[in-house]
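One letter stands for each residue in the lines below.
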Amino acid sequence: MSDAILFAVEEGMARLTLNRPARLNAFNADLAHAWKDATAEATSRADVKAILIDASGPAFCAGGDVIDMATTMGASGAEITALAEVINTGIRSLTESTVPVVAAAHGTTAGGGLGILLSSDYAVVGSRSKLGSLYANIGLTPDLSVSAQLARAVGQRRALQLVLQDRLLSASEALDWGLVAEVVEGEDSVAEAALVRARGEEIARFWLAGAADAYGQAKRLVRSQPERSFAEQLSEEARSIGAALETPDAQARVSAFAASAAKRGG
């Protein structure tokens, strides 16, 4: 695994840390391929039941490395398309998996970084965080799932407001829009970043301490719903809950719930 991403698995939680802090964790070729490899490993390992995505330095992710595009890569359209497809593979690994993902996104999240955040199932940001599109500022269009996922998260009209304006949402606005789930406040930006990471880990540990497989299947049902009609979704829900009830974990939990209810009733 490249140093562009720090990858570790501990007690069922895979942590993926974007690690190009000097460039605000913007994606270049090295980070793109490391992202693809890390997400593939995290979602394919049987011992991983929760994934945490965080970042080094003052920002979560500034999208694509525009300086690198203009210099090292020569701003070749074919190269940018190929690189985006590499990152997309990692995004699909996360969104199509049955492992719940939490993003701890302190600081700025912009451009393609917004797509990385949207690939999580639960997002925590700091009170000083800013989130936005900003593609058009440099004459580019949304990528890394932004056009695919943003409208689903906040609605089409708000998605259009964000991609058609030179605008960064505040943390409170992002929370109000439903783009993020929680906002954490710290005394300063460094302390706040640490608290955001800690809260992200706490959420992942919550999943692990509970019915981890059931959380994963619930994520799958919601994420995959657009692929099915209403009737097909109802059938898939029915099939899924039946399959869940056959698992030892569910049987133990249902029995414990019934015993507790009977005791309270007595």
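Small disclaimer: the values here were computed from a predicted structure and weren't measured.

Rules used throughout
- Residues numbered from 1 in each chain as written.
- Predicted model: local features only at pLDDT ≥ 70, side-chain atom pairs only at ≥ 80, totals over all residues.
- Heavy atoms only, no water.
- Helix = DSSP H or I, 4+ residues; strand = E, 2+ residues; numbered from the N terminus.
- Rg over C-alpha atoms; globule rule 2.2 N^0.38 Å.
- Buried < 20%, exposed > 50% of the residue type's maximum accessible area, 1.4 Å probe, protein only.
- Areas by Shrake-Rupley, 256 points an atom, 1.4 Å probe, with all protein chains shown as cover.
- Lys, Arg positive; Asp, Glu negative; His and termini not counted.
- Charge placed at Lys NZ, Arg CZ, Asp CG, Glu CD.
- 1 Å grid on protein atoms, 1.4 Å probe; cavity = no way out; pocket = protein on both sides within 12 Å on 5 of 7 lines; lining within 4 Å.
- Points joined across faces, edges and corners; volume = space filled by probe spheres on them.
- Patch = residues over 30% accessible without salt bridge, like charges linked within 9 Å, V, L, I, M, F, W, Y side chains within 5 Å.
- Salt bridge = Lys/Arg side-chain N within 4 Å of Asp/Glu carboxyl O.

Draft legend 1. Here's a closer look at the overall build of the protein. What the protein contains, in helices and strands, is eleven helices and nine strands. The C-alpha radius of gyration computed for the protein amounts to 20 Å, which stays within 12% of the reference 18 Å derived for 266 residues, consistent with globular compactness. Summarising its shape, the C-alpha atoms of the protein cover approximately 70 × 45 × 40 Å along the three principal directions. Relative to its full complement of 266 residues, the protein shows a buried share of 42%. Put simply, the protein shows about 13,100 Å² of open surface, and 56% of that area lies on carbon and sulfur atoms. Of the side-chain charges in the protein, 24 are positive and 32 negative, and the distance between the mean point of each set is 5 Å.

Draft legend 2. Quick look at the layout of surface pockets. There is about 870 Å³ of room inside the largest pocket. As for the largest pocket, its lining consists of 32 residues, of which Thr95, Leu118, Asp121, Gln149 and Arg223 are closest to the centre. Of all the secondary structure elements, the ones that give two or more residues to the lining of the largest pocket are helix H3 (77-95), helix H4 (112-118), strand E6 (122-126), helix H5 (146-154) and helix H9 (212-224). In terms of residues, the lining of the largest pocket owes the most to one element, H9, which gives seven residues.

Draft legend 3. Focus on a nonpolar patch on the surface. A surface patch of nonpolar side chains, amounting to about 240 Å² of accessible area, comprises Val66, Ile138 and Leu140. Counting through the fold element by element, Val66 comes out in helix H2 (residues 66-70).

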